[in-house]
Amino acid sequence: MGRNTIMQGTFILTLSNILLRLLGFAYRVLLSRSIGPEGLGVLQLVMPVLYTSLTLISAGIPIAVSRLVAKKRAIGDYHGERRILLTSLGLIISLSLFVCLFLILNINYIIYDLIKEPRAYGPLLALYPAIIMMSVSAVFKGYFYGVKNFYPPALSELFEEITTMVLALYFLEKVKHLEVSAQVTVVALAIVLGEVSSLLYLSHSYYRYRMTIPLSRNRTGYSSPIADILRISGPVTLIRLVYSLSTSIGSILIPQRLVKSGLSHSQAMSLLGILNGMVLPLMFIPFTFVSPLTVVIIPNLSEDLAHNNWERIRSKISKAIFITTVAVLPFGAVMTALAHPIGLLLYNQKGVGSILELMAYFSAVNALNHTLSGVLNGLGKQNKSATFSIVGATIELASIYFLVALPGLRIYGYIIGFFFSSLAVLLMQFVTICKTAKLSIDWAEWFLKPALASLLTLSLSKLAYIWLINVTTSPATSLSLSVLVGILTYMISLYITGIFSVIRDLVLPARSV
């Protein structure tokens, strides 16, 4: 290919992610106006059941498909890559049917003992088919990532979002006179139909793509690939479960330990709401870019690993680290500099700024951890990645339990745990990758130059806001102009330090790498 497949794939998926976030934001606003906070509350009770089921079923299998298909494609075994897809589909359909049957048989327990909301019965029952649809779609997406065809997954997600949005708003208009349970049920049905549209598009795309696949040049045997699929998907599923469980346990522990420190229950719940509902969503905005990069890097590394081409592997790892730091550090800098006005403008909450100010700059550490986790998966080191995730979660939960309860720290105890757990995982992953790939660290290009540029961005953004807020009457105008000053400062800094020329070479290389 004439262009760098990592940059091309990342660009396609990032653009798709941005469009999805914009559509999702508009949909949530319209949905909240249609079913109100009570209806949204009922919907939020049933969605975790869906997401937990999907984590158990399909968290690791799409990554396994992506890696194994890329490996088969690298050696020209097209028959083998098709066998991997069909085996994965059979496995995931069987698991989905089993989980759906289990949920149906236990729906009364889920509704009346776990959720404790009778109005969630209809919506939850309506959502069950989506488990099968989303799991099967995830396998097809993994296949397309493996063959480096990024358009079908990106377009299928857009089709799904648009279909769900249009149908949900149409159905709600028809049942607006009915009770909340019925309204949420039709929203759940719209979600299922959206997943149907996505699956139909992916199936059609695969059928058309299959017609272009040549006969295998090299068949590597007829044994079932199920053992390889489970070997790769198991640790990845464990990582997702660890993250899900640690997040849930942390959300339970934080208010309890805050109360232990002397705060009232109401104050503790308010701090939890600020942290989980306002600060952390802002910190995960960079994942709009980093997540696509991770998806793309896994099959790329797996393909080169099949050829034992360590020079290309080292080149791709270097680019992934460089891209992550250059893209994420300015975000952390601007969020740190403007944390207080951002908190007031977006949420009208003074408490947001003091927490965001301390955490935002370290969003780069979390983003780099996500990229390095993808690199480890691409190199077949998913077991180590799972181990590192468990270590990080343990440090974070221990900090919550012991530090948050201290009257002198409280919520800052969580921030300390967040920092040290993220840093510990980063160091373990970085050392493992350097040893495995014999990677030479380019401290200046990867870290020093982007960090200096981001620190200058932080300083000038903050100074710009201080000056602008005194000469303009609008906080929104001051904030917008200060962000613009930060962006321009960062771009000029990159140009002066020569980083722009490196970016140009990445975007427009002479050959695909």
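That block above? That's the structure.
Everything in this summary refers to the structure shown in the same document. Everything numeric in this text was worked out from a predicted model, so none of it was measured.

## Some words on the overall build of the protein chain
And then number 1: Secondary structure summary: the protein chain contains 19 helices and 0 strands in total.
And then number 2: The C-alpha radius of gyration computed for the protein chain amounts to 24 Å, which stays within 12% of the reference 24 Å derived for 513 residues, consistent with globular compactness.
And then number 3: Counting contacts in the protein chain only where the partners sit at least 6 residues apart, residues at least 24 apart contribute 82% of the total.
And then number 4: Accessible area for the protein chain stands at about 23600 Å²; split by element, carbon and sulfur atoms hold 68% of it.
And then number 5: The centroid of the 38 positive side-chain charges in the protein chain is displaced by 6 Å from the centroid of its 20 negative side-chain charges.

## As for helix 4 (residues 107-115)
And then number 1: Listed as buried for helix 4 are Ile-107, Ile-110, Ile-111 and Ile-115. Summarising the axial view, the buried residues of helix 4 lie within an arc of 90°, below the 170-degree limit, and thus occupy one face.
And then number 2: At the C-terminal side of helix 4, Lys-116 shows a positive phi close to 60°.

## Looking at the environment of Phe-419
And then number 1: Looking at where Phe-419 falls in the secondary structure, it is placed in helix 16 (residues 411-437).
And then number 2: Measuring from C-alpha to C-alpha, the distance between Phe-419 and Met-359 comes to 8.1 Å, with 60 residues separating the pair along the chain.

## Thoughts on the packing of helix 8 (residues 226-260) against helix 9 (residues 265-283)
And then number 1: As a packed pair, helix 8 and helix 9 sit with axes 8 Å apart at the nearest point and diverge in direction by 140°. Taken together, the axes of helix 8 and helix 9 lie oblique to each other. Classified by chirality, the crossing of helix 9 by helix 8 is right-handed. For the pair helix 8 and helix 9, the contacting residues are Ser-251, Ile-254, Pro-255, Leu-258 and Val-259 in the first and His-265, Ala-268, Met-269, Leu-271, Leu-272, Leu-275 and Asn-276 in the second.
And then number 2: The class makeup of the residues in the contact of helix 8 with helix 9 is 9 nonpolar, 3 polar and no charged.

## Let's talk about the packing of helix 2 (residues 61-74) against helix 8
And then number 1: Interaxial distance between helix 2 and helix 8 falls to 7 Å at its minimum, and their mutual angle equals 135°. Judged by the angle between their axes, helix 2 and helix 8 are oblique. Here helix 2 and helix 8 pass one another in a crossing that is right-handed. Contacts from Ile-61, Ile-63, Ala-64, Arg-67 and Leu-68 in helix 2 reach Asp-228, Ile-229, Ile-232, Ser-233, Val-236 and Arg-240 in helix 8.
And then number 2: Residues belonging to the contact of helix 2 with helix 8 are distributed by class as follows: 7 nonpolar, 1 polar and 3 charged.

## Considerations on the nonpolar core
And then number 1: Residues Leu-50, Leu-124, Phe-140 and Tyr-143 are the most contacted members of the largest nonpolar core, which totals 60 residues.
And then number 2: For this core, the secondary structure elements donating two or more residues are helix 1 (5-58), helix 2, helix 3 (78-105), helix 4, helix 5 (121-146), helix 6 (151-174), helix 7 (180-210) and helix 8.
And then number 3: With near-sequence residues (within four places) excluded, Leu-124 lies in contact with Val-46, Val-49, Ile-107, Ile-110 and Ile-111.
And then number 4: Counting 37 residues, the second largest nonpolar core, distinct from the first, contains Ile-313, Ile-317, Ile-321 and Leu-368.

## Section: the pattern of salt bridges
And then number 1: For the coordinates displayed, the defined rule picks out 11 salt bridges.
And then number 2: Note that Lys-72 and Asp-77 form a salt bridge whose closest N and O atoms lie 3.6 Å from each other.
And then number 3: Owing to a relative accessible area of 17%, Lys-72 belongs among the buried residues under this scheme.
And then number 4: Bridged by salt links that share partners, the residues Asp-304, Arg-312 and Lys-316 form one connected network.

## Side note on a nonpolar patch on the surface
And then number 1: Side chains of Leu-481, Leu-484, Ile-487, Leu-488, Met-491, Ile-492, Tyr-495 and Ile-496 sit close together on the surface and give an oily, nonpolar patch of about 820 Å² of accessible area.
And then number 2: As for its position among the elements, Leu-488 is in helix 18 (residues 475-497).
And then number 3: Residue Leu-488 is classed as partly exposed on the basis of its relative accessible area of 44%.

## Overview of the packing of aromatic side chains
And then number 1: Across all of its chains, the model carries 17 aromatic pairs by this definition.
And then number 2: A ring pair is formed by Phe-159 and Tyr-201, whose centres lie 4.9 Å apart and whose planes are at 80°; its orientation type is edge-to-face. Of this pair, Phe-159 sits in helix 6 while Tyr-201 sits in helix 7, and the two are 42 residues apart along the sequence.
And then number 3: Judged by relative accessible area, which is 36%, Phe-159 ranks as partly exposed.
And then number 4: Aromatic pair Phe-430 and Trp-446: ring centres 6.5 Å apart, planes at 90°, arrangement edge-to-face.

Thresholds, definitions, all that
Residues numbered from 1 in each chain as written. Predicted model: local features only at pLDDT ≥ 70, side-chain atom pairs only at ≥ 80, totals over all residues. Heavy atoms only, no water. Helix = DSSP H or I, 4+ residues; strand = E, 2+ residues; numbered from the N terminus. Rg over C-alpha atoms; globule rule 2.2 N^0.38 Å. Contact = heavy atoms within 4.5 Å. Areas by Shrake-Rupley, 256 points an atom, 1.4 Å probe, with all protein chains shown as cover. Lys, Arg positive; Asp, Glu negative; His and termini not counted. Charge placed at Lys NZ, Arg CZ, Asp CG, Glu CD. Buried < 20%, exposed > 50% of the residue type's maximum accessible area, 1.4 Å probe, protein only. Arc of directions from axis to C-beta. Axes fitted to C-alpha atoms, helices over the stretch in contact; angles between N-to-C directions. Parallel < 35°, antiparallel > 145°, perpendicular 65-115°, else oblique. Left-handed = near helix turned anticlockwise from the far one by under 90°. Nonpolar A, V, L, I, M, F, W, Y, C, P; charged D, E, K, R; others polar. Core = buried A, V, L, I, M, F, W, Y, C linked by side-chain atoms within 4.5 Å. Salt bridge = Lys/Arg side-chain N within 4 Å of Asp/Glu carboxyl O. Patch = residues over 30% accessible without salt bridge, like charges linked within 9 Å, V, L, I, M, F, W, Y side chains within 5 Å. Phe/Tyr/Trp six-rings, centres within 6.5 Å; stacked < 30°, edge-to-face > 60°.

Geometric descriptors of this kind do not, in isolation, establish any biological role.
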